[in-house]
Amino acid sequence: MTARSASSPGERRVDVFTLSMNVRFRRVERREGMLIHGPAGVGEFSPFWDYDAQESASWLAAALEAADEPFPAAVRDTVPVNSTVPAVDPERARAIVTGPHGCRTAKVKVAEPGQRLDDDVARVGAVRDALGPGGRVRVDANGGWSVAEAVRAIAALREFDLEYVEQPTAGVDELAAVRRRVDVPIAADESIRRASDPLRVQELDAADLAVLKVQPLGGVRACLRLAEQLTMPVVVSSALESSVGIAAGVALAAALPDLPYACGLATTSMFTADVVTDPWRPVDGVLDVRRVTPDQHALDAVRATPDDERRWRDRLAACAALLEDRQS
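Just so you know, the residues in each chain are numbered from 1, in the order the chain's sequence is written. Since the coordinates come from a predicted model, pLDDT governs what is reported: local features require at least 70, and pairs of side-chain atoms require 80 or more to be given and counted, while whole-chain, interface and lining totals use all residues. Note: side-chain values were computed over all heavy atoms of the structure, leaving out hydrogens and water.

A.B. asks: So what about the overall build of the protein chain? Which residues, and what values?
C.D. replies: Put simply, DSSP marks the helices as runs of H or I at least four residues long and the strands as runs of E at least two long, and each gets a number from the N terminus on. A tally of helices and strands in the protein chain yields 12 helices and 13 strands. Note on method: radius of gyration uses C-alpha positions; expected globular size equals 2.2 Å times residues raised to 0.38. Against the 2.2 N^0.38 benchmark of 20 Å for 328 residues, the protein chain shows a C-alpha radius of gyration of 19 Å, consistent with a compact globule. Considering only C-alpha atoms, the protein chain reaches an extent of 55 × 40 × 40 Å along its principal axes. With a 1.4 Å probe rolled over the protein chains alone, any residue whose accessible area is under 20% of its type maximum counts as buried; one over 50% counts as exposed, and the rest are partly exposed. Across the 328 residues that make up the protein chain, the buried fraction comes to 59%. Two residues form a contact once any of their heavy atoms are found within 4.5 Å. Contacts in the protein chain between residues at least 24 apart in sequence constitute 67% of all its contacts with a sequence separation of at least 6.

A.B. asks: Outline the side chain of Ser46, supporting the account with residue identities and numerical values.
C.D. replies: Relative to the helices and strands, Ser46 is located in the loop between strand 4 (42–45) and helix 1 (53–68). Here Ser46 falls in the buried class, since its relative accessible area comes to 0%. A distance of 2.9 Å separates the side chain of Ser46 from the side chain of Gln215, its partner in a polar contact. If near-sequence neighbours (up to four positions away) are discounted, Ser46 is found in contact with Arg31, Glu32, Gly33, Trp59, Gln215, Glu241 and Trp312. Polar contacts, as counted here, are pairs of nitrogen or oxygen atoms within 3.5 Å of one another; within protein the pair requires one atom able to donate a hydrogen and one able to accept it, and residues that are adjacent in sequence qualify only if both atoms are side-chain atoms.

A.B. asks: How would you summarise the pattern of salt bridges if you had to cite specific residues and measurements?
C.D. replies: Any Lys or Arg side-chain nitrogen located within 4 Å of an Asp or Glu carboxyl oxygen qualifies as a salt bridge. Within the structure shown, the criterion is met by 26 salt bridges. Close ionic contact of Arg30 with Glu32 constitutes a salt bridge, the shortest N to O distance being 2.8 Å. When its relative accessible area of 7% is taken as the criterion, Glu32 is described as buried. A salt bridge links Arg221 to Glu65; the nearest nitrogen and oxygen atoms lie 3.2 Å apart. With Arg221 in helix 9 (residues 220–229) and Glu65 in helix 1, this residue pair connects regions lying 156 residues apart in the sequence. Ionic contacts of the salt-bridge type, sharing partners, join the residues Arg13, Asp15, Asp300 and Arg303 into one network.

A.B. asks: Before we move on, could you go through the packing of aromatic side chains and cite the residues and values that matter?
C.D. replies: Centres within 6.5 Å are what make two rings of Phe, Tyr or Trp a pair, Trp counting through its six-membered ring; a difference in plane orientation under 30 degrees is then read as stacked, over 60 as edge-to-face, and the rest as tilted. Here the structure, examined in full by the defined rule, presents six aromatic pairs. With a centroid separation of 5.8 Å and an interplanar angle of 70°, the aromatic rings of Phe48 and Tyr51 are classed as edge-to-face. Under the relative-accessibility criterion, Phe48 is labelled buried at 16%. The class of Tyr51 is buried, set by a relative accessible area of 7%. With a centroid separation of 6.0 Å and an interplanar angle of 85°, the aromatic rings of Phe48 and Trp59 are classed as edge-to-face. With Phe48 in the loop between strand 4 and helix 1 and Trp59 in helix 1, this pair connects stretches of sequence that are 11 residues apart. Residue Phe48 shares its accessibility class with Trp59, and that shared class is buried. Members of the aromatic cluster, each reached through a chain of ring pairs, are Phe45, Trp49 and Trp312. Two limits define a charge over a ring: the Lys NZ or Arg CZ must be within 6 Å of the ring centre, and within 35 degrees of the ring normal. Directly above the ring of Trp49 sits Arg315, whose terminal nitrogen or CZ lies 4.2 Å from the centroid.

A.B. asks: Outline unusual backbone geometry, supporting the account with residue identities and numerical values.
C.D. replies: Even without being a glycine, Ala111 presents a positive backbone phi close to 60°. By the element assignment, Ala111 lies in the loop between strand 7 (105–109) and helix 3 (117–131).

A.B. asks: Describe the sheet that holds strand 10 (residues 186–188), and please don't skip the residues or the numbers.
C.D. replies: Between any two strands, at least two bridges found by DSSP are needed for them to pair. Strand order across the open sheet formed by seven strands is 6-7-8-9-10-11-12, with parallel pairing between neighbours. The open sheet terminates on both sides in strands that have one partner only, identified here as strand 6 (83–85) and strand 12 (234–236). Looking at each pair of strands side by side, their axes are set apart by 25° on average, direction ignored. Bridging between strand 9 (residues 162–166) and strand 10 involves two bridges; their strand directions are parallel. Residue pairing across strands places Val165 opposite Ile186, the latter belonging to strand 10. Note on geometry: axes are lines fitted to C-alpha atoms, helical ones only across the stretch in contact, with angles between N-to-C directions running from 0 to 180 degrees.

A.B. asks: Give me the packing of helix 3 against helix 4 (residues 147–157): which residues, what numbers.
C.D. replies: Relative to each other, helix 3 and helix 4 sit at 30°, their axes nearing to 10 Å. Where helix 3 crosses over helix 4, the two elements pack in a sense that is right-handed. Residues Leu117, Asp120, Val121 and Val124 of helix 3 form the contact with helix 4, whose own contacting residues are Arg152, Ala153, Ala156 and Leu157. For the contact of helix 3 with helix 4, the residue count by class is six nonpolar, no polar and two charged. Each crossing gets its handedness from the near helix: less than a right angle anticlockwise from the far helix is left-handed, clockwise is right-handed. Polar here means any residue other than Ala, Val, Leu, Ile, Met, Phe, Trp, Tyr, Cys and Pro, which are nonpolar, and Asp, Glu, Lys and Arg, which are charged; Gly is therefore polar.

A.B. asks: Describe the nonpolar core, naming the residues involved and giving the relevant values.
C.D. replies: If you look at the biggest cluster of nonpolar residues, it comprises 109 residues, and the most contacted ones within it are Phe45, Trp145, Leu212 and Leu265. Tallying contributions element by element places helix 10 (residues 243–255) first for this core, with 10 residues. Put simply, a nonpolar core is a bunch of buried Ala, Val, Leu, Ile, Met, Phe, Trp, Tyr and Cys residues held in one set by side-chain atoms that sit within 4.5 Å of each other. Ranked by size, the runner-up nonpolar core spans six residues in total, among them Tyr164, Ala187, Val235 and Tyr261.

A.B. asks: Describe the packing of helix 9 against helix 10, listing the residues and the values that go with them.
C.D. replies: How two helices sit against one another is set out by the angle between their axes and by the gap between those axes. At a closest axis distance of 9 Å, the pairing of helix 9 and helix 10 adopts a crossing angle of 35°. In this structure, helix 9 meets helix 10 at a crossing whose hand is right-handed. Contact with helix 9, carried on its side by Val220, Cys223 and Leu224, involves Ala248, Ala251, Leu252 and Ala255 of helix 10 and no other residues of that element. Split into classes, the residues belonging to the contact of helix 9 with helix 10 amount to seven nonpolar, no polar and no charged.

Okay, here's the thing in structure tokens:
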């Protein structure tokens with residue numbers, strides 16, 4: 001299969017995939033995307049369907065970079081990662097963080113629509129109990145709280161010795177307001193990767209650290225340039241990608257001069273299948289730094305339907321046109 005790319009006038013191979021999830025996460029029950037093959041390897045293009053072409057074009061730029069260029073030089077051989085706990089009951093949360101991955105840091109989803117603060121407290125409390133005092137616990141609200149709700153929720157959750165709270169509110173101004181009223185570090189995610197000006201978080205002193213995701217920000221090198229402009233520490237996280245997409249996140253984490261936090265890159269365990277036969281999972285809480293090559297047998301098992309493939313090819317064409325306009 002071939003498609004025209006924004007980086008080359010020739011045609012290249014693409015594979016469209018659909019990965020079912022074994023747990024609902026952020027209202028997502030399956031991940032769709034496209035693998036784009038190039039001279040340097042394979043890149044992943046998998047923006048969520050609520051992202052328009054303008055926003056999704058950065059995801060395509062990241063995929064083309066991974067396919068066409070070697071990753072930047074690494075300064076470390078392994079990347080520490082955290083386990084990720086969706087909005088599940090306390091017993092399921094406990095089972096996730098005590099799994100065979102060896103992670104001593106856990107990120108816990110909070111502020112899930114339809115749930116209450118009591119549910120968050122029970123889930124985070126179970127994770128803290130399972131990890132013990134030596135583990136690290138962070139929570140992610142994905143912008144689900146108002147300022148008042150965030151302040152109240154953080155006060156209720158701070159007893160669990162939180163490492164930080166990620167994106168408690170949606171807007172940057174609200175994020176800054178929360179930060180002024182709490183004594184737990186605040187991390188910015190959507191306020192950076194979905195913002196027209198990712199540096200506004202820094203200008204408003206709205207966060208203590210920044211979450212960087214390769215696809216939404218346009219590639220590994222774009223993330224490295226942004227990290228250089230930020231005066232706050234950064235943590236690398238995934239956008240619920242396959243093992244191929246995770247490889248780009250690991251490449252970014254491996255190239256950063258400083259990496260003070262475990263990275264949110266151990267997310268392939270949320271899928272029932274992957275584009276590789278042996279999905280990339282952490283051992284002793286770390287991922288090795290390496291390229292990932294999709295396996296044909298695994299690809300055949302997760303190949304998208306013809307209708308879905310047509311939708312993704314249309315999306316690729318629209319985003320490629322936007323990238324060409326930007327480059328010209």
